[in-house]
Amino acid sequence: MALGIGAVIGTGIFILPGTVAATTSGPGIILSFLGSAVVCALAAMCYAEFASTLPVAGSAYSYGNVVMGEIIGWILGWALILEYMLAVAAVSTGWAAYFNSFIEGFGLHIPKALSGSFSPANGTYFNLVAVLIVLSIAFLLSRGMSTSMRVNNWAVIIKIAIILIFIVVGMFYVKPSNWHPFLPYKTAGVFQGAALVFFAYLGFDAVSSSAAEVKNVKKNMPIGIIGTLVVATLLYMAVAVVLTGMVKYTKLDVANPVAFALQTVNQNWTAGLISIGALIGMFTMMVTMIYSSSRLVYSIGRDGLLPSFLDKIDTTHKVPKNALVAVTIVIAVMGGLVPLDDLTSLVNIGTLIAFTFVSFGIIPLRHRKDIKNEGGFKVPWYPVLPIISGLACILMLTQLKLETWIASGIWFLIGLVIYFSYGFSHSKLNQSANKAD
């Protein structure tokens, strides 16, 4: 659960409740968070059954491989690579921005040329802090899972404590009149808001990437996945209730709405604490996503669809070091050089495609006589819930912009070229099938 909460509760809780309330949902943002949580909860149950049945690294990539064939598995793996790496790169730039503003309070400054992505017109060439935080997390992860998780668990505890402080302090400044009108943008605003705050829940699926390293996977994996979602939903809704009660929703379209709300009621010390919480929140999200992306790339390399050096395990710390180095280089380059403002929707589409296939994948999984799930978690009300889950994800996909679909289409086209030019001929599954023939 700490791994999942570390991934899910990051920048979203400090930014989205304010900006989406101001522009899309009003105080009805509370219902938007609940709507997104329902969609994610359905998908979470499907993930929990897969993780309980198939305790292997690779998340949706491995599940797709087993129940739908290698080509579907590759597409899902390629979608998840897009989600994980792009999400970390984007958050690393956000972490750098918070860090730079934090040290400015002490009179310290990063040289402008090293403070942003490559944009000579604006005088920035390289985001040094974004690269350094990615490299630091990769080094931490290279020391082994137990060391990484000890640091991550403490960071999650501190982060939740800071969020609870905001909720408790903010409660004393709530004015019920700020909740009126509750639905200024009507019901349509709530649905649009749900599509936007879906970003806030990204990451719980990453928990299933750790299945191969979890004790008592049939019990602990479903608790980890579903428990993460329950805790995240309660915290998101509580923050949304307090935030929109403290300040009129029309004033919350700012980069740091939670800190802004505290400053408006002269709680500057708590606002400073929130900035620290945001840094810790983004840190734990990057830990989980870099961890998950390295396990995903390791799994794909293990199956021969990517070069085989990626499936090597470090004998000392028992981590896929080559895969970790590869994803770190890609993320560091993107975080250091590429402006990612227009690409964040791609994170969403990769996730929703994976959710859709995992949801519908429960049906062929149940029909497999050779895969047992005795004593493990099973999605209730089968096959109705898996079908509803898949349809709900498709509904969310329809809310995404045309530009997002075009950009993702190019990404998947590149993925198919790699698969048919390299992966298909090097696939260990195909090689073993040919030997059998």
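The model shown is predicted, which means the values in this text are computed figures rather than measured ones.

S.K.: Is there a simple way to think about the overall build of the chain in this case?
M.R.: When you go through the chain residue by residue, the secondary structure sums to 16 helices and zero strands. At 22 Å, the chain has a C-alpha radius of gyration in line with the 22 Å of a compact globule built from 437 residues. Referenced to the eigenvectors of the C-alpha coordinate spread, the extents of the chain come out at roughly 75 × 50 × 40 Å. Expressed as a percentage of its 437 residues, the buried residues of the chain come to 56%. Put simply, of all contacts in the chain between residues at least 6 apart along the chain, 81% involve residues at least 24 apart.

S.K.: When you look at the packing of helix α5 (residues 70-104) against helix α15 (residues 402-426) in this model, what are you seeing that I'm missing?
M.R.: Two numbers describe a pair of packed helices, the interaxial angle and the distance between the axes. α15 packs onto α5 with a crossing angle of 130° between their chain directions and a minimal axis gap of 10 Å. In this view, α5 runs oblique relative to α15, as classed from their interaxial angle. Regarding α5 and α15, the two cross each other, and that crossing is right-handed. Here α5 contributes E70, I71, W74, I75, W78, A79, I81 and L82 to the contact with α15, which in turn contributes W411, F412, I414, G415, L416, I418, Y419 and F420. Looking at the contact of α5 with α15, its residues break down into 14 nonpolar, one polar and one charged.

S.K.: What is the right way to read the packing of helix α11 (residues 268-302) against helix α12 (residues 321-337) from this model?
M.R.: One can describe the packing of α11 onto α12 by two numbers: an axis separation of 8 Å at closest approach and a directional angle of 120°. Accordingly, the angle class assigned to the pair α11 and α12 is oblique. For the crossing formed where α11 meets α12, the hand is right-handed. Facing I290, S293, S294, V297 and Y298 of α11, the residues of α12 in contact are A323, L324, V327 and I331. Considered class by class, the residues forming the contact of α11 with α12 number seven nonpolar, two polar and no charged.

S.K.: What should I look at first to understand unusual backbone geometry in this one?
M.R.: Glycine aside, the phi torsion of most residues is negative, and most peptide linkages are trans. Across the junction of H180 and P181, the peptide omega takes the value -5°, indicating a cis bond. Within the secondary structure, P181 is located in the loop between α7 (145-171) and α8 (186-197). The omega angle of the peptide bond from Y382 to P383 is 0°, so this bond is cis rather than trans. The backbone of W381 shows a phi angle near 55°, a positive value even though the residue is not glycine. Summarising the element assignment, W381 is placed in the loop between α13 (344-367) and α14 (384-397).

S.K.: Where do I start with the side chain of S294 in this structure?
M.R.: Along the chain, S294 falls in helix α11. Judged by relative accessible area, S294 falls into the buried class, the value being 0%. The residues touching S294, leaving out its near neighbours within four places in the chain, are P320, A323, L324 and V327.

S.K.: Mind showing me how you'd approach the confidence of the model for the chain here?
M.R.: The predicted coordinates of low-pLDDT regions are not to be read in fine detail. When pLDDT is averaged along the chain, the result is 83, and 92% of the positions lie at 70 or above. Summarising per-element confidence for the chain, the mean pLDDT is lowest in helix α16 (residues 428-436) (63) and highest in α14 (92).

S.K.: Would you take a moment to explain the pattern of salt bridges for this structure?
M.R.: One side chain can pair with another of opposite charge once the charged atoms of both are near each other. As enumerated under the stated definition, the model contains three salt bridges in all. Of the charged contacts in the structure, one is a salt bridge between R366 and E49, with a shortest N-O distance of 2.7 Å. Here R366 is found in helix α13, whereas its partner E49 is found in helix α3 (residues 29-53), with 317 residues between them in sequence.

S.K.: Quick question: what am I supposed to make of the packing of aromatic side chains here?
M.R.: Each aromatic ring pair is described using two quantities: the centre-to-centre distance and the angle formed by the ring planes. Applying the stated criterion across every chain, the model contains 13 aromatic pairs. Ring geometry for W78 and W411: centres 4.5 Å apart, planes at 15°, overall stacked. Of this pair, W78 sits in helix α5 while W411 sits in helix α15, and the two are 333 residues apart along the sequence. W78 gets classed as buried once you look at its relative accessible area, which sits at 9%. An aromatic cluster of three or more residues is present, and its members are W74, W78, W411, Y419, F420 and F424. The ring of Y382 carries R366 above its face, with NZ or CZ at 4.3 Å from the centroid.

S.K.: I tried to follow a nonpolar patch on the surface on my own but got confused; where do I start?
M.R.: Nonpolar side chains collect at one region of the surface, where F118, Y125, V325, I329, V333 and L337 lie side by side and expose about 550 Å² of accessible area between them. Topologically, F118 is positioned in the loop between α5 and α6 (128-142). Under the relative-accessibility criterion, F118 is labelled partly exposed at 48%.

S.K.: Can you walk me through α8 in this structure?
M.R.: One turn of an α-helix holds 3.6 residues; hence residues three or four places apart share an orientation. Under the 1.5 Å per step criterion, the end-to-end length of α8 is 17 Å for 12 residues, consistent within 8% with the ideal 16 Å. Within the span of α8, buried status applies to G189, V190, G193, A194, A195 and V197.

S.K.: What's the story with α14 in this structure? I'm lost.
M.R.: The terminal C-alpha atoms of α14, which comprises 14 residues, lie 20 Å apart, in line with the 20 Å expected from a rise of 1.5 Å per residue. When we look at burial in α14, the residues that qualify are L385, P386, S389, G390, A392, C393, M396 and L397. In a view along the axis of α14, the buried residues occupy a sector of 160°, so they form one face of it. Exposed residues pointing more than 90 degrees away from the buried face of α14 are listed as L391 and L395.

S.K.: Would you explain the environment of K378 in this entry?
M.R.: Locating K378 in the fold gives a position in the loop between α13 and α14. Its relative accessible area of 48% is what places K378 among the partly exposed residues. In this structure the C-alpha to C-alpha distance between K378 and C46, which are 332 residues apart in sequence, comes to 8.0 Å. Residue contacts for K378: discarding those within four places in its chain leaves E49, R366 and N373.

S.K.: I would appreciate a short explanation of the state of the cysteines in the present structure.
M.R.: Where two cysteines share a covalent bond between their sulfur atoms, that bond is called a disulfide. Scanning all chains against the criterion turns up zero disulfides. Free of any disulfide, C393 has its nearest cysteine sulfur in C40, 7.8 Å distant. With a relative accessible area of 0%, C393 lands in the buried category.

Definitions and limits used
- Residues numbered from 1 in each chain as written.
- Predicted model: local features only at pLDDT ≥ 70, side-chain atom pairs only at ≥ 80, totals over all residues.
- Heavy atoms only, no water.
- Helix = DSSP H or I, 4+ residues; strand = E, 2+ residues; numbered from the N terminus.
- Rg over C-alpha atoms; globule rule 2.2 N^0.38 Å.
- Buried < 20%, exposed > 50% of the residue type's maximum accessible area, 1.4 Å probe, protein only.
- Contact = heavy atoms within 4.5 Å.
- Axes fitted to C-alpha atoms, helices over the stretch in contact; angles between N-to-C directions.
- Parallel < 35°, antiparallel > 145°, perpendicular 65-115°, else oblique.
- Left-handed = near helix turned anticlockwise from the far one by under 90°.
- Nonpolar A, V, L, I, M, F, W, Y, C, P; charged D, E, K, R; others polar.
- pLDDT = per-residue confidence, 0-100.
- Salt bridge = Lys/Arg side-chain N within 4 Å of Asp/Glu carboxyl O.
- Phe/Tyr/Trp six-rings, centres within 6.5 Å; stacked < 30°, edge-to-face > 60°.
- Lys NZ or Arg CZ within 6 Å of the ring centre and 35° of its normal.
- Patch = residues over 30% accessible without salt bridge, like charges linked within 9 Å, V, L, I, M, F, W, Y side chains within 5 Å.
- Areas by Shrake-Rupley, 256 points an atom, 1.4 Å probe, with all protein chains shown as cover.
- Expected span 1.5 Å × (residues − 1).
- Arc of directions from axis to C-beta.
- Disulfide = S-S within 2.5 Å.

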